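# Analysis of the macromolecular model
In case you want the letters, here they are:
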Amino acid sequence: LEPTDFSQESKKVIDFIANYYTNVEKFPVLSQVKPGYLKTLLPDSAPVSSESLEDILNDITTSIMPGITHWQSPNFFAYFPATTSTAGFLGEMLCSGFNLGETNTSPAAAELETLVMDWMAQMLELPPSFLSSGNGSGVLQLSTSEAMVCTLATAREKVLREKGYEGISRLVVYASDQTHSSLQKCVELVGIPPSNFRCLPTTYSDGFSLTPRTLEDAIEKDIESGLVPFYVCATVGTTGCGAVDPVEELGKVARKYNLWFHIDAAYGGSACICPEFRHYLDGVEHANSFSMSPHKWFLTYVDCCCLWVQNPDNSLKEGLPTIGTEYLMNDDDDSESKDMEDYKDWQIASNKRFLAIKLWVVIRRHGLATFRFHIRSDVKLASYFESLVAKDNRFEVVVPRKFALVCFRLKSSHSKEDKNQNQELNKNLLLEVNKSGHAFMIHAVVDGVFFIRCAIGSTLTQECHVVSLWKLIQEKATSVLLNFSN
Ligand code: PLP
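Because the structure is predicted, anything quoted here is derived from the model rather than measured.

Each helix and strand in the protein chain was counted, giving 14 helices and eleven strands. Here the C-alpha radius of gyration of the protein chain, 24 Å, is about what a compact globule of 486 residues would show, namely 23 Å. Considered along the principal axes of its C-alpha atoms, the protein chain spans approximately 75 × 70 × 45 Å. Within the protein chain, the fraction of its 486 residues that count as buried is 43%. Contacts spanning at least 24 positions in sequence make up 75% of the contacts within the protein chain whose residues lie at least 6 apart.

Shown next, in the form of structure tokens:
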């Protein structure tokens, strides 16, 4: 690491990335290569001596980039966006540049994490009991999955301490059939039997939200069978169709039965900094824990997930095993007063990327007003796209939109819907759009209905991209419908 080389080579890579962003629109959005292509292009053993940066960047352009799906393309409308920003990039550089190991050796890292989590909590208007001043606590995790594992493990520990560790096979977790599949994975990771994960049904008439009645009935049934309900997860902005679970009502049911109540707002949470969306978090005071991911819609590079727990009873430090190894102790561990959190006890790993500086830079460079503007612009574009869909009577919007995700499909050509035929029709349409390389979307199925998801929010997406997308969809729809009628 020689300072002159560092500076010169880093500048070259930054120029390379800047050039990539300038031209990203020119690449096919969805990678067009066949998996397995790379091994024919790159040597299968490591070089013995150093290679030049020019050669490496050249190989990236010719060999790596064709195998990339361009999440930063303005024509990327799949999954949920992984938004970026100049500030996010600067924050990411500082995060990597300092390359801290454990935060307990750097008071600035630990204190900045507490501060930045309090800032985020204030922007989301979380109750004071989630803030450090209210004895709550926030911690940065790498993913929603890690946030789920940590909260599940803490909730499990609390209940097993009381009921006995042999009772683990009787613990039950509740969520809706729209909840992200990562929850089920995490439930199994913490040792809960797969058969004790209740994936409760939702319906169109309830906007694919979990109803408190459905939750309570399931809990009652399990109690009657001698099982032990212990954790419920609500989602604000489900991945399939952007549904929002009724936080207030589900929270009350969770309180009634003394269940840990977690809210996964990985996507929708960012929108809740706008007063017009904040009502989706009404009832958050019932939650033991709440998470949202700035790496989705908050202009912050992957990875970055904010997790808060309310009041010291829910402390992750109490729930996660603390292994007191001598080499992990710092001077502060012996002291009576703790002015700095030891975040290694609030997560799985001991080491931690300096995520706090990344998010801190993102927040400072933008400010609340810019974040609100960014969310509202995406929602406005989504509403515009929705209006285009509504004007073409071959199409329909399938699920009422809450944020910037539009769920739509080609209607069935016959008056009596044939679900299989409609699915084929829409599958073909999606395939044709994605194959064109001009846009990328994915599908979802809810209540047996196959539809196409258009998730607007990629940082570079503007109205012209939405207009082009819609033209492309209409054009492909015409040929797909023609093929079907022949
Ligand atoms: N929850 C929701 C609502 C999501 O949309 C996603 C990912 O898209 C996840 C959880 C999983 O997130 P992660 O990959 O950060 O664990």
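A separate point is the sheet that holds strand β4 (residues 228-235). Strands belonging to one sheet form pairs held by backbone hydrogen bonds; the direction of such a pair is parallel or antiparallel. If you trace the seven strands from one edge of the open sheet to the other, you get β1-β7-β6-β5-β4-β2-β3, paired in mixed fashion. This sheet does not close on itself; its edge strands, each paired only once, are β1 (137-141) and β3 (197-200). For this sheet, the mean angle separating the axes of adjacent strands, direction not counted, is 20°. Summarising the sheet, β4 and strand β5 (residues 260-264) pair through five bridges and their orientation is parallel. Directly across from Ala234, in β5, lies its bridge partner Ile263.

Among the secondary structure elements, Thr144 is positioned in helix α5 (residues 144-163). Given 24 C-beta atoms within 10 Å, Thr144 falls into the buried group. Taking the C-alpha atoms as reference, Thr144 lies 9.9 Å from Asp303; in sequence the two are 159 residues apart.

What follows is about the packing of helix α3 (residues 86-98) against helix α12 (residues 355-391). For the pair α3 and α12, the least separation of the axes is 8 Å and the interaxial angle reads 155°. Classified by the angle between their axes, α3 and α12 sit roughly antiparallel to one another. In this structure, α3 crosses over α12, and the sense of that crossing is right-handed. Contact residues: Ala87, Gly88, Leu90, Gly91, Glu92, Leu94 and Cys95 in α3; Leu355, Ile357, Lys358, Leu359, Val361, Val362, Arg365 and His366 in α12.

Our next topic: unusual backbone geometry. The peptide bond linking Val302 to Asp303 adopts the cis configuration, its omega dihedral lying at 10°. Within the fold, Asp303 resides in the loop between α10 (294-297) and β7 (305-309). With phi around 70°, Asn135 is a residue other than glycine that occupies positive phi space. Residue classification places Asn135 among the partly exposed positions, given that 14 C-beta atoms sit within 10 Å.

Ser143, Thr144, Ser145, His180 and Ala266 are the nearest of the 14 residues found near the ligand. For the shell around the ligand, the residue count by class is four nonpolar, nine polar and one charged.

Below, the discussion takes up helix α6 (residues 182-189). Think of an α-helix as 3.6 residues a turn; residues three or four steps apart then line up on the same face. Buried within α6 are the following residues: Leu183, Cys186 and Val187. Looking straight down α6, one finds its buried side chains confined to an arc of 105°; they lie on one side. Here the buried face of α6 lies against α5, β2 (171-176), β3 and β4. Looking one or two residues beyond α6, the residue adopting positive phi is Gly191, at roughly 85°.

It is worth spelling out the sheet that holds strand β10 (residues 442-446) at this point. Read from one edge of the open sheet, four strands run β8-β9-β11-β10, paired in antiparallel fashion. Across the chains shown, the open sheet's two edge strands, defined by having one partner strand only, are β8 (395-399) and β10. The average angle at which neighbouring strand axes cross in this sheet is 45°, direction not considered. The pairing of β10 with strand β11 (residues 449-455) spans five bridges and is antiparallel.

Considering the arrangement of structural elements, one finds Glu248 in helix α8 (residues 247-256). When the C-alpha atoms of Glu248 and His286 are compared, they prove to be 7.3 Å apart, with 38 residues separating the residues in sequence. Apart from the residues within four sequence positions on either side, Glu248 is in contact with Asp282 and Gly283.

With that settled, the discussion passes to the UniProt feature "modified residue: N6-(pyridoxal phosphate)lysine" (unreviewed entry) in the protein chain. Annotation from UniProt places "modified residue: N6-(pyridoxal phosphate)lysine" (unreviewed entry) at Lys296. Mapped onto the fold, Lys296 is located in helix α10. Take Lys296: there are 26 C-beta atoms within 10 Å of it, and that puts it in the buried class. Setting aside residues no more than four positions away along its own chain, Lys296 makes contact with Phe80, Pro81, Ala82, Thr83, Ala266, Tyr267 and Ser270.

Let us look at the pairing of β1. With five of five residues buried, β1 lies mostly within the body of the structure. In β1, alternate side chains face the same way, and those of Ser137, Val139 and Gln141 on one face and Gly138 and Leu140 on the other are all buried. As judged from the five bridges shared by β1 and β7, these two strands associate in the antiparallel manner. Within β7, the position partnered with Leu140 by the bridge is Cys306.

What follows deals with helix α1 (residues 3-23). Helix length check: α1 (21 residues) gives 30 Å between terminal C-alpha atoms against 30 Å at 1.5 Å per residue, within 8%. Counting buried residues in α1 gives zero out of 21 residues, a small share hidden from the surface.

Here we take up the environment of Lys256. Along the chain, the position of Lys256 falls in helix α8. Using a count of 11 C-beta atoms within 10 Å as the deciding quantity, one classes Lys256 as exposed. Expressed as a C-alpha distance, the spacing of Lys256 and Glu216, which sit 40 residues apart in the sequence, is 9.6 Å.

The rules behind the values
- Residues numbered from 1 in each chain as written.
- Predicted model: local features only at pLDDT ≥ 70, side-chain atom pairs only at ≥ 80, totals over all residues.
- Helix = DSSP H or I, 4+ residues; strand = E, 2+ residues; numbered from the N terminus.
- Rg over C-alpha atoms; globule rule 2.2 N^0.38 Å.
- Buried ≥ 20, exposed ≤ 12 C-beta atoms within 10 Å, placed from the backbone.
- Contact = placed C-beta atoms within 7 Å.
- Pairing = 2+ DSSP bridges.
- Axes fitted to C-alpha atoms, helices over the stretch in contact; angles between N-to-C directions.
- Parallel < 35°, antiparallel > 145°, perpendicular 65-115°, else oblique.
- Left-handed = near helix turned anticlockwise from the far one by under 90°.
- Near = placed C-beta within 6 Å.
- Nonpolar A, V, L, I, M, F, W, Y, C, P; charged D, E, K, R; others polar.
- Arc of directions from axis to C-beta.
- UniProt positions renumbered as here; feature names shortened; annotations may be inferred.
- Expected span 1.5 Å × (residues − 1).

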